[in-house]
Amino acid sequence: MELWDYRPEVYDRGQSLDLVGYHVQATDGKIGSVDEATYEVGESYIIVDTGPWIFGKKVMLPAQTVTSIDPQERNVYVARTKAEIKDAPEFDEGRFKEPEYRARLGDYYGGFPR
């Protein structure tokens, strides 16, 4: 399955769901909130603002890491622990669309069990 696409059972491109502002739940608890989300085929991701938990760091998570979405509770669940997210490469606003940057993130996130 493509790392930069949402799992089909998680997000239907036909729906008009905006994840910005949703709480992000790691496998071991809340890690932050969605600051930005994209929905393009093969290029989807969420930007998570971790807030004060790890000193305001922002990280980019490939859409494949999203395991479920709860619109009623405004939660996005991801298949990563707080530590895995904390140790992720920091979001680079100037480079995040570059193939090399995405490849680095893909190497990092692709190395964990799903």
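Because the structure is predicted, anything quoted here is derived from the model rather than measured.

Colleague: Hey, could you run me through the sheet that holds strand E5 (residues 66–70) in this one?
Modeller: The strands that make up a sheet pair up through hydrogen bonds in the backbone, lying either parallel or antiparallel. Strands sit in the order E4-E3-E2-E1-E6-E5 across an open sheet of six strands; the sheet is mixed. The strands lining the two open edges of the sheet, one partner per strand, are strand E4 (58–62) and E5. For this sheet, the mean inter-axis angle between neighbouring strands, taken without regard to orientation, is 35°. Note: E5 against strand E6 (residues 75–78), four bridges, orientation antiparallel. Of the residues in E6, the one forming a bridge with Asp70 is Asn75. Most of the contacts of helix H2 (residues 99–110) go to E4, to which it runs at about 75°, and overall it touches strand E3 (45–49) and E4.

Colleague: Explain the nonpolar core here, please?
Modeller: Counting 32 residues, the largest nonpolar core has Leu19, Ile46 and Met60 as the members making the most contacts within it. Where this core is concerned, the elements lending two or more residues are strand E1 (23–26), strand E2 (29–37), E3, E4, E5, E6 and H2.

Colleague: Whenever I open this one, the pairing of E6 confuses me. Can you help?
Modeller: Side chains on a regular strand alternate between the two faces of the sheet. By the bridge criterion, three bridges tie E1 to E6 in an arrangement that is parallel. If you follow Gln25 over to E6, its bridge partner there is Tyr77.

Colleague: Explanation requested: the packing of aromatic side chains in the structure shown.
Modeller: One pair of aromatic rings is described through two measures. These are the centre distance and the angle between the planes. Evaluation of the coordinates by the stated rule reveals six aromatic pairs. Judged by centre distance (5.0 Å) and plane angle (40°), the rings of Tyr6 and Tyr11 are tilted. Neither residue differs from the other here; Tyr6 and Tyr11 are each classed as buried. Between the aromatic rings of Tyr45 and Phe96, the centroid separation amounts to 5.9 Å while the plane-to-plane angle is 80°, which identifies the pairing as edge-to-face. On the criterion of sequence distance, the pair formed by Tyr45 in strand E3 and Phe96 in the loop between helix H1 (82–86) and H2 is long-range, its members being 51 residues apart. A single burial state applies to Tyr45 and to Phe96, both of which are buried. Its end group placed over the ring of Trp4, Arg102 keeps NZ or CZ at 4.8 Å from the ring centre.

What counts as what
Residues numbered from 1 in each chain as written. Predicted model: local features only at pLDDT ≥ 70, side-chain atom pairs only at ≥ 80, totals over all residues. Heavy atoms only, no water. Pairing = 2+ DSSP bridges. Helix = DSSP H or I, 4+ residues; strand = E, 2+ residues; numbered from the N terminus. Axes fitted to C-alpha atoms, helices over the stretch in contact; angles between N-to-C directions. Contact = heavy atoms within 4.5 Å. Core = buried A, V, L, I, M, F, W, Y, C linked by side-chain atoms within 4.5 Å. Buried < 20%, exposed > 50% of the residue type's maximum accessible area, 1.4 Å probe, protein only. Phe/Tyr/Trp six-rings, centres within 6.5 Å; stacked < 30°, edge-to-face > 60°. Lys NZ or Arg CZ within 6 Å of the ring centre and 35° of its normal.

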